[in-house]
Amino acid sequence: MLTSERLAALADPDTGDVSAAIYTDEEVYRRELDAIFRTSWLFLGHESQLRKAGDFFTSYMAEDSVVVTRNRTGGISAFLNVCRHRGMKICRAELGNARAFQCTYHGWSYGLEGDLKAVPNQEAYGPDFALEDWAAIPVPRVESYKGMIFATWNTDAVDLIDYLGESAYYLDGVIDRLPGGSEVFGGIHKWVIDCNWKMPAEQFASDMYHAATSHVSAIAVNLPEDFDPLKHGLDQRDGVQYWSDEGHGGGYFLADKPNPAIWLHPRAKEWLISTYEEAEARLGAHRAAHVSGHNTIFPNFSWLAGTNTIRVWHPRGAGKIEVWAWTIVDSGAPADVKNAFRKGSLRAFGPSGLLEQDDGENWVEIQKTMQGSVSRDTTLCYRMALDAPIRRSEHSGAHEGPLFSDTAARNFYRRWSALMGSGLA
Amino acid sequence: MSTPVENPDEAFVADPVAWPLLDPSAHARLQQFYALEAHLLDERRFRDWLRLFADDLHYWMPIRRVLPPRQRELEFTGPDELAQFDENLAELTQRVEKIETGKAWAEEPPSRTRHLVTNVMAREESEGWSVRTAFIAYQSRSERDSHAFVGERRDQLIRAEGAPCGLLVRRREIRLDHATLVAPSLSIFF
Ligand code: FES
Ligand SMILES: [Fe+2]
């Protein structure tokens, strides 16, 4: 049984000792669904997917399917994709435009806000049956941050802006670089990886360290002829890791001018450099120059600056995830620039991505290996930079320290432990 | 949401009764070409495989989506949307270079693959052939991981003197039968 004692033994954020069982234990996973995913803000999608009234898409909050709509008043609604009659999916499409959703089992139909509008042969239920009593379960809190739609089941949650906290500063560096904000391309990469959701979430929070080994082949085929590893930031002395009390984290290489990742499309690199002054006026020099880096918003939303992939690691059991990855771009960019970001992102971080391939391979092998009785009790080492000096960022207010560090991962597990332990005997 | 893709191939077989019998020698040439291609891929002779493509290649695998009837024409993502692959010849070559480093961990140790290409339907055009085929690309990895990718390829082949079977692929659209992919990555070729 999961007790607070056992939980403390699974992950010790102070020493950095983490048991591999956090990736495989079914009881841990079942508790995560409630303690983590029902309490935290989760990313649903982007407002540019809902341009006009009646536009909708289906998304997930962990394993729960939800319908997200642009409602008749122009707002955004989200409700559980479960018919109140027998539990059939109310909406079976990924996206579209509709006035109502009719359940394909017995024909109950629901409005854009999840309201139950009609029930065939309603008189058979008797005179006391009220449609209002059987609306789809609403997602009680839905808020957007600069086009990014988040939601939570937790009515006591802090407002989204406070939840994002210091991370909003870094997110702005991608989604609010220029007037007009940003939008996502049509098409979402959706694929299944047989690994625990915390592997990628934690990696995007804390792990620049893996890139030089995991992605060595992708780096090799993208190196410019005049490559200088110091100038292009493959050396950790050039970088910073940040983390916040909410469990978020990220890392980036320092730069005094924009230094786009080598695998970006040439036209996208040019754009980041040529719009630097405009972005600097808006964001300040620090963010305008930091055009690459990895980031996670606890628990399962991550993005890569510059490559502009934004993604959710939907859990599907202890040993499986469904990745949903969008690509985001400055709305005001010319068509050829947008195309460059589109191609660069899908070629680096789509399922076929020259970098993405490498990560999935590692996670799948870890998950299989950890099934062994001895293996799953292995203590994993999260001790990097345990004693390194830390400080508050003068820019964002987040905690920060050296780039090659497990500190943001330990911080991720500190938050994880706090939520998992609440109410445990 | 984007505008529907104009698909000139939509009525590949307008009237089944009027579908012409493929000339046996043309059929043999096309089948040999695809068998050769599959052989090169499965033998991991990727440099030789690249020789089957024209310089102005477009190699494209759109994303497939589950859509309601009214939006069904948007089932495949269009050219201004995300895709699984969207490559010119230089970009496709870069993928081969990645494997050649010996450190592309999703292909090292190498995948064991078998490409089965069948159901050849071809229409002769001025420069060559417009061809549809069905395929199964089977991938076995590590000790016992396996994935099967199934779908259709829509090729534009051009006649080319000195090319294998006298043909080159100028355009390939790969339409997987999968919506959400049930595989950790697309590290093999189609
Ligand atoms: S389950 Fe939806 S109408 Fe019966
Ligand atoms: Fe990675």
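Residues numbered from 1 in each chain as written. Chains lettered and ligands numbered in written order. Predicted model: local features only at pLDDT ≥ 70, side-chain atom pairs only at ≥ 80, totals over all residues. Heavy atoms only, no water.

Within chain B one finds three helices and six strands. For chain B, the succession of helices and strands along the chain, N to C, is α-α-β-β-α-β-β-β-β. Rg of the C-alpha trace for chain B: 17 Å, near the compact-globule value of 16 Å for 190 residues, within the 12% margin. Put simply, chain B has 190 residues, and 51% of those count as buried. In chain B, the proportion of contacts linking residues at least 24 apart, taken out of those at least 6 apart, comes to 64%. For chain B, the accessible surface area stands at approximately 9,100 Å², while carbon and sulfur atoms represent 52% of it. Across chain B, the 25 positively charged side chains and the 32 negatively charged ones have centroids separated by 4 Å. (Helix = DSSP H or I, 4+ residues; strand = E, 2+ residues; numbered from the N terminus. Rg over C-alpha atoms; globule rule 2.2 N^0.38 Å. Buried < 20%, exposed > 50% of the residue type's maximum accessible area, 1.4 Å probe, protein only. Contact = heavy atoms within 4.5 Å. Areas by Shrake-Rupley, 256 points an atom, 1.4 Å probe, with all protein chains shown as cover. Lys, Arg positive; Asp, Glu negative; His and termini not counted. Charge placed at Lys NZ, Arg CZ, Asp CG, Glu CD.)

Residues and elements named next belong to chain A. For strand 6 (residues 76–80), the buried fraction is high: five of the five residues fall into the buried class. Judged by which residues are buried, strand 6 turns out to be covered on both faces: I76, A78 and L80 on one side and S77 and F79 on the other are all buried. Of the strand pairs in this sheet, strand 5 (residues 64–70) and strand 6 are connected by five bridges, and their pairing is antiparallel. Across the sheet, residue V66 finds its bridge partner in strand 6, namely L80. Between strand 5 and strand 6, which pair antiparallel and follow one another directly, the connecting turn spans five residues, one of which, G74, has a positive phi of 90°. (Pairing = 2+ DSSP bridges.)

With that settled, the discussion passes to the coordination of the iron ion (ligand 2). The protein atoms that coordinate the iron ion (ligand 2) are H210 of chain A (NE2), H215 of chain A (NE2), D359 of chain A (OD) and D359 of chain A (OD), at distances spanning 2.1 to 2.4 Å. In this structure, the iron ion (ligand 2) is coordinated by four donor atoms arranged in irregular fashion, with angles at the metal of 56 to 146°. (Donors = N, O, S within 2.8 Å, 3.2 Å for Na, K, Ca; no water. Tetrahedral: all angles 85-135°; square planar, octahedral: opposite > 155°, others 65-115°.)

What follows deals with the interface of chain B and chain A. Listed by partner, the interface residues are 42 residues for chain B and 42 residues for chain A. K368 of chain A is the salt-bridge partner of D145 of chain B, the closest N and O atoms lying 2.8 Å from each other. Counting across the interface, chain B meets chain A through 30 residue pairs in polar contact (both at pLDDT 80 or more). Among the secondary structure elements, those contributing two or more residues to the side of chain B that touches chain A are strand 2 (83–87) and helix 3 (89–100) of chain B. Along the lines of polarity and charge, the residues of the side of chain B that touches chain A split into 18 nonpolar, ten polar and 14 charged. (Salt bridge = Lys/Arg side-chain N within 4 Å of Asp/Glu carboxyl O. Polar contact = N/O pair within 3.5 Å; in protein donor to acceptor, adjacent residues only side chain to side chain. Nonpolar A, V, L, I, M, F, W, Y, C, P; charged D, E, K, R; others polar.)

To continue, consider the pattern of salt bridges. Residues and elements named next belong to chain B. Using the criterion set out here, one finds 49 salt bridges over all chains in the structure. A salt bridge links R170 to D56, with the shortest nitrogen-to-oxygen separation between them at 3.2 Å. Within this pair, whereas R170 is found in strand 6 (residues 167–176), its partner D56 is found in strand 1 (residues 53–62), the two being separated by 114 residues in sequence. Given a relative accessible area of 21%, R170 falls into the partly exposed group. Notably, a salt bridge pairs E81 with R65, separated by 3.2 Å at the nearest N-O pair. Residue E81 is found in the loop between strand 1 and strand 2, and its partner R65 is found in the loop between strand 1 and strand 2; the two are separated by 16 residues along the sequence. Take R65: its relative accessible area is 7%, and that puts it in the buried class.

Moving on to the packing of aromatic side chains. The tally for this structure, following the rule as stated, stands at 36 aromatic pairs over all chains. Geometrically, the ring pair formed by F56 of chain A and F101 of chain A is edge-to-face, given 5.0 Å between the ring centres and 85° between the ring planes. Residue F56 of chain A is found in strand 4 (residues 55–61), and its partner F101 of chain A is found in strand 8 (residues 101–102); the two are separated by 45 residues along the sequence. Each member of the pair, F56 of chain A as well as F101 of chain A, is classed as buried. Centroid distance W49 of chain B to F53 of chain B: 4.9 Å. Interplanar angle 85°. Geometry classified as edge-to-face. Considered together, W49 of chain B and F53 of chain B belong to a single accessibility category, that of buried residues. Counting every residue linked through ring pairs, the aromatic cluster contains F46, W49, F53, Y59, F85, F135, F149, F189 and F190 of chain B. Here K190 of chain A stacks its cationic end above the ring of W324 of chain A, 3.8 Å away from the centre of that ring. In this structure, R287 of chain A is placed above the aromatic ring of Y169 of chain A, and the distance from its NZ or CZ to the ring centre is 4.0 Å. (Phe/Tyr/Trp six-rings, centres within 6.5 Å; stacked < 30°, edge-to-face > 60°. Lys NZ or Arg CZ within 6 Å of the ring centre and 35° of its normal.)

Quick look at the domain arrangement of chain A now. Residue and element names in this part refer to chain A. Taken domain by domain, chain A holds domain 1 (42–145) and domain 2 (169–421). Relative placement of domain 1 and domain 2: their C-alpha centres are 33 Å apart. Every contact between the two is made by 15 residues of domain 1 and, on the other side, 21 residues of domain 2. Summed over both sides, the interface of domain 1 with domain 2 buries roughly 1,400 Å², with 60% coming from carbon and sulfur. Contact with domain 2 buries surface across domain 1, with F43, Y60 and Y145 losing the most and accounting together for 40% of the total. Between the two partners, domain 1 and domain 2, sit two salt bridges. (Domains from an automatic or database assignment. Buried area = accessible area lost by both parts, 1.4 Å probe.)

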